[in-house]
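So the chains spell out like this:
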Amino acid sequence: MRGKRVLLVLAGAVLALTGITGPASAQPDPITALAGSGTVNDPWVPMREAHTTCESTTLFGNYYGGVHRDPIVVLPRGTWIGVRYITGDGRSADVLWHNHSQWGFMLRSCFAFD
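Source: prediction; values computed, not measured.

J.: Would you take a moment to explain the side chain of Thr79 for this structure?
T.: One can find Thr79 in the loop between β4 (67-76) and β5 (80-87). Within the local environment of Thr79, its side chain forms a polar contact with the backbone oxygen of Pro76, the two atoms lying 2.7 Å apart.

As C-alpha cells, this is what we get:
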C-alpha cells in the first residue's frame, strides 16, 4: 500500500507543477497560426484545418525571399489542407495537402481557416 501512496503523491505533485487542476483544464487551448521563417528548423506548431479558396492554387516545394519555387501540384478550390504556420512576411503558409500527405507552401490569399 505504501508504493501506491507514493505514486499518488508524485502524480499530485506533477499535476500541481503543470497547473492542471481538474475538469476545467481539460479544454484545449485555441490554436493560432504562427509566423515562421520557412525553414525545417522552426519549432513544431499545431496544425489548423483550412480549405483552398482560389479557383486553383499551386502547392510549392520551397518559399524563399518572398518567392515560391518548385511547384508540386495545382489544387482546385475547396481542397482540404492543414496549415502549420504562416511565413513571417504573411504572403505564404506551410501547409499539408491531406490527400497525398504532401507538405509545401501556398499563397496565404488562397485559403481560409475552417
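J.: Help me out: how do you make sense of the environment of Ala93 in this one?
T.: Its place among the elements puts Ala93 in strand β6 (residues 92-97). A residue is classified by how much of its surface remains accessible, and Ala93, at 0% relative accessible area, is buried. On a C-alpha basis, the gap between Ala93 and Leu107 in space is 6.5 Å, while along the polypeptide they are 14 residues apart. The contacts of Ala93, once residues within four sequence positions are left out, are Val83, Tyr85, Ile86, Thr87, Gly104, Phe105, Met106 and Phe111.

J.: Which parts of the structure should I look at to understand the nonpolar core?
T.: Side chains of a nonpolar character, in soluble globular proteins, are inclined to be buried together. Counting 11 residues, the largest nonpolar core is built from Ala50, Leu59, Leu75, Ile81, Val83, Ile86, Ala93, Val95, Trp97, Met106 and Phe111. Within the residue set of this core, elements represented by two or more residues are β5 and β6. Once you skip the residues sitting within four places of it in the chain, Ile81 turns out to touch Arg48, Glu49, Ala50, His51, Thr52, Leu75, Val95, Leu96, Trp97, His98, Met106 and Phe111.

J.: Can you walk me through the pairing of β5 in this structure?
T.: In regular strands, side chains alternate between the two faces of the sheet. Counting buried residues in β5 gives six out of eight residues, a clear majority hidden from the surface. In the sheet, β5 pairs with β6 via five bridges, with the strands oriented antiparallel. Residue pairing in the sheet places Ile86 in a bridge with Ala93 of β6. Here β5 folds back onto β6, and the loop between the two strands holds four residues, one of which, Gly90, carries a positive phi near 75 degrees.

J.: Got a minute to help me understand the state of the cysteines in this structure?
T.: Two cysteines form a disulfide when their sulfur atoms are joined by a covalent bond. Applying the stated criterion across every chain yields a total of one disulfide. The disulfide partner of Cys54 is Cys110, and the gap between their sulfur atoms is 2.0 Å. Given an S-S torsion of about -85 degrees, the disulfide between Cys54 and Cys110 has left-handed geometry. Of this pair, Cys54 sits in the loop between β2 (48-52) and β3 (56-64) while Cys110 sits in the loop between β7 (102-107) and β8 (111-113); the two residues are 56 residues apart in sequence, bridging distant segments of the chain.

About the thresholds
Residues numbered from 1 in each chain as written. Predicted model: local features only at pLDDT ≥ 70, side-chain atom pairs only at ≥ 80, totals over all residues. Heavy atoms only, no water. Helix = DSSP H or I, 4+ residues; strand = E, 2+ residues; numbered from the N terminus. Polar contact = N/O pair within 3.5 Å; in protein donor to acceptor, adjacent residues only side chain to side chain. Buried < 20%, exposed > 50% of the residue type's maximum accessible area, 1.4 Å probe, protein only. Contact = heavy atoms within 4.5 Å. Core = buried A, V, L, I, M, F, W, Y, C linked by side-chain atoms within 4.5 Å. Pairing = 2+ DSSP bridges. Disulfide = S-S within 2.5 Å.

Honestly, it's all geometry; don't read function into it.
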